[in-house]
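Working through the structure, step by step
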Amino acid sequence: MNWRDQLEKLRRLFFGDPARRFAWASLALTVSLAIAPTKEFFNEWRHYQRQFFNLVTTRPNGDALKRNFESGIHQIWIPEQHVVDRCPTCHLGMKEASLSDVRQRPFRVHPPIPHSLTEFGCVTCHRGQGAATTVEEAHASTKAWEQPLLPARYLEASCGQCHLGPLDGTPKLNLGRQLLAHYGCARCHRIDQPDGSPLLPSDDSPPLGHIAEKTSREWIFAWLKNPQAYAASATMPDFQFSDQQAADVASFLIAQSAPTPGTPVEPAAGAIKSAVDPAQGASLYGTSFCASCHAVQNAAGNIVGGDLGPELTRIGSKVKPEWLARWLKDPAHYDPRTQMPRYRFADQQIGLLTGYLMNKKDDDFLANVHLPPSDAANVERGQKLVAEYGCAACHQINGVGPPKNFAPDLSRIGSKPLAQIAFAPGMGETLPEYIGGKIHEPRAGGSGLKMAKYTLTDAQLEAITTALLAQTDRAWNMPRELIRPAAHSSDNQPGGEAGRLMTELRCQSCHRINGNGGDMAPDLTHEGSAVLAAWLPAFMNNPNTLRPALIRRMPKFNLSAADNKTISDYILSAYQAPGFDSLALDAHSLDAASAVRGMDLFYTKYACQSCHIADYKKDKGYIGPPLAAVGNRRPAVWLYKMLKDPQAVTPGTQMPNPGLTDAEAKDLTAFLVTLKARENGGGK
Amino acid sequence: MKRVNVIVAAVILISSGCSKKSGIESALQPKASGSQISEVSGGKQITSVGSELPQPVVVQVNDDKGTAVAGALVSFHGDGTQFRPAQALTDSSGQVTATVRLGFAPGDYEMVAETPKTGGGATTLKLRQTALGYEQTLGKQVNDGYCIRCHDPESTTERVSNFENLTPSPHAFTDGAFFNSWSDADLIMIIAEGGTAVKKSPAQPAFGKTLTPRQIKAVVAYMRAVADLPYQPPGVKK
């Protein structure tokens, strides 16, 4: 028998008569109909639901958990946010507090967050494909998927989609946004936030229109080649110029420099030469609290001091002494936008400080810089480079305007489709790695790229990446009422003659007044109600009396008696808080008996001496300000209101609200106004 | 016979496909082995979920006389934890340094460093690391703004500790031996109502009118996360 006969025999066996044909056809139909339910039965998510069912069976409250358990696809649907999330189909323990100890994936309880899980769904924060019902499709992070899962270390980016200002729980996002502002990213890139407001740079870059008065071509060259070699804390990035390019740019910058308009206030001739004693200069540097704003790198390599002004470690290698003397006399003459106050230094003091600062130099920094004389070709090439690299986006430069639409818009960078990205070789192919890699090695993606290289720590890079990942399409498509805009600062300025003086002293570099100003020092918006009329001018004459333990302190500006009075009178009358009058507290009831009760409350019931010093002989706490002379400083009404509700009087204060009764607050006030020690501290 | 050949070929093919990883591992041929592994630095660190620890973990392999062993194989592992490198040979001073990235779930991570022992077997070192989730991060922020001034005995240049000035002394939040016996409710009570509410010193102020209940709960979550000895919630068996 050959195979043909065998086949024929088989055919007859199965399809020989209509009944058999019908039977087989029915069987085939049944099987094909069964495919779909079978596939359904063996679905991945059913496997997890069975696993979960087995898990809860072993739990003490298993019966209740089983009763609550529904099999099938679980879905969070929020149409107005475009959320269709089926994640709870497998992540079944997310809302079961009784499963808090379960470590088995995917059944863990969701860690506590400030939103309920059904308010925004899952993908709003975690990304991924919400509608998918297989593990691979939901979580995959390959190019094929629009929305890869966001790695946990960037998760704060998701908060930033709606919350455009800083939040307590998102330190990384806050830092990232602060760095974006500090490094002036938005000077080249457009970075709009979903409420339509642009992200603004926080720091002014120095103007270069008069740079030749300040420094040399050699210094500019060395600085351009490696800004961090001059100052470890420099904000200026490295444009990776060749020696020739750096020399050309330096030549152009010197060539475009014009004399500062107006007549500079010159210190007396010979003042600079009088600097003979470095110890005296150091002491003046200290008592002027230059370190509140300027840092110096110490021998151990640590940068010590504030970051409001430039680091001064090698200032003597940079500036010309006659420029420095003029600068110290009147900084705004050279740079009207500077944050530096005009100290009322005597010429002899300017000489001392200039001598002291010019000694802060590093001869190695310029040792190998030997530039040939600059010619017209240098200058021309330099001007081209300055325009090409967008230097004028940050710096004022004569003859070169700020570039427009210079760099890519980053307003939606957090949703950039992976398919549109050309990944540099060796780079992980995810969006966070692209953003981080791009900032870390800006020129790695190809030739002709111009972005400069910033010196950032890994933590800073991760923070900036987090802040940029918050710039998503989802954020822009969110219902507007869900967006929480950042507080925007005002442009309030003090007025009149006092305003002119206060602008000259740059009070708002450190103090905020009516929503405008820095945050290094206390807010002065209601200072007129917070201090006594006699105290303020005395303090400005000698600011050393308050909080001597702090590093960043109010400097002594050497004000004339008339200027001091003008400013004090203005602050005391203009910066009044509402409701700080005799209606709030009847000051006559603050008698000696009340003060005795107050003292007992201070030391016994509320243990205020844990943080404050009322008596230098026995108290030690130094978290809050010393109170030994508070009776000379604070009005009774202010003390009373502060004790009753510290956060209302001084927003953001560390002082806890002790929950005093009216009588207790009155007694404590009566005690505090009796504290009138002559000196605050005596060296403590 | 032919079939056997095919099967053998297939097995070789499949196993060579799978052995990519072991191929890398086998490149690390240990030249020596020790008998103890110990921590040099990097244990008990805190980071946020999914992030690298601030400092790398450094371990050292010694022989039974306590002398450093160079060229010994050290491998790291831990649930949900990534190590770079995951395996390495000790350097000339007997040490291996690895950066560690914790997983996405907040809580404690136990990482294990393992080295083969001379004469067979392996010796291990267990290190505890902690990942802070949203709630603990919020708690840390509150801690850094308020609590740390008294409860952290360490001073920095920017922050002078008030610890030394207080009698009775506050307890550092890491002091698990002390705080682990407190229930969440008791901790919330002393933070919100002050020390006198639980018959403790009035030097602990009441923060109930200053911090929100969510912030206070977050501080407790942070204290639990940094507790050393580790905190075990009641009714949970490990």
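Residues numbered from 1 in each chain as written. Chains lettered and ligands numbered in written order. Predicted model: local features only at pLDDT ≥ 70, side-chain atom pairs only at ≥ 80, totals over all residues.

The next subject is the interface of chain B and chain A. If you look at the interface, chain B gives 30 residues, while chain A gives 29 residues. The element contributing the most residues to the side of chain B that touches chain A is helix α3 (residues 134-151) of chain B, with eight residues. Class assignment for the residues of the side of chain B that touches chain A results in 15 nonpolar, 12 polar and three charged. (Contact = placed C-beta atoms within 7 Å. Helix = DSSP H or I, 4+ residues; strand = E, 2+ residues; numbered from the N terminus. Nonpolar A, V, L, I, M, F, W, Y, C, P; charged D, E, K, R; others polar.)

Moving on, we get to the packing of helix α5 (residues 184-193) of chain B against helix α6 (residues 213-226) of chain B. All names here are of chain B. One way to put it is that α5 packs onto α6 with a least axis distance of 10 Å and a crossing angle of 125 degrees. Classified by the interaxial angle, the pair formed by α5 and α6 is oblique. Considering the relative orientation of α5 and α6, their crossing is right-handed. For the pair formed by α5 and α6, the contact residues are Asp184, Leu187, Ile188, Ile191 and Ala192 on the first element and Ile216, Lys217, Val219, Val220 and Met223 on the second. (Axes fitted to C-alpha atoms, helices over the stretch in contact; angles between N-to-C directions. Parallel < 35°, antiparallel > 145°, perpendicular 65-115°, else oblique. Left-handed = near helix turned anticlockwise from the far one by under 90°.)

Our focus in this paragraph is the environment of Ala291 of chain A. Residues and elements named next belong to chain A. Topologically, Ala291 is positioned in the loop between α14 (278-287) and β3 (295-297). Taking the C-beta count within 10 Å as the criterion, Ala291 has 19 such neighbours and is therefore assigned partly exposed. Taking the C-alpha atoms as reference points, Ala291 and Glu311, separated by 20 residues in sequence, lie 9.6 Å from one another. Residue contacts for Ala291: discarding those within four places in its chain leaves Gly305, Gly306 and Ile551. (Buried ≥ 20, exposed ≤ 12 C-beta atoms within 10 Å, placed from the backbone.)

Residue and element names in this part refer to chain B. Across the sheet, four strands lie side by side as β1-β3-β7-β5; this open sheet has antiparallel pairing. A strand with exactly one partner marks an edge of an open sheet, and here the two such strands are β1 (36-41) and β5 (82-84). Strand after strand, the sheet turns through a mean of 35 degrees between neighbouring axes, direction not considered. In this structure, β1 lies alongside strand β3 (residues 57-62), joined through five bridges in antiparallel fashion. Its bridge partner lying in β3, Ile37 is registered against Val61. (Pairing = 2+ DSSP bridges.)

Averaged over chain A, the pLDDT score is 90; the fraction of residues at 70 or greater is 96%. Across residues 680-684 of chain A, confidence stays below pLDDT 50; counting only partners more than four residues off in sequence or on other chains, it has 11 contacts. (pLDDT = per-residue confidence, 0-100.)

It is worth spelling out α3 of chain B at this point. Taking 1.5 Å of rise per residue, the 18 residues of α3 of chain B would be expected to cover 26 Å, yet its terminal C-alpha atoms sit only 22 Å apart, more than 12% below that figure. Counting buried positions along α3 of chain B gives 15 out of 18 residues, so the element sits mostly inside the fold. (Expected span 1.5 Å × (residues − 1).)

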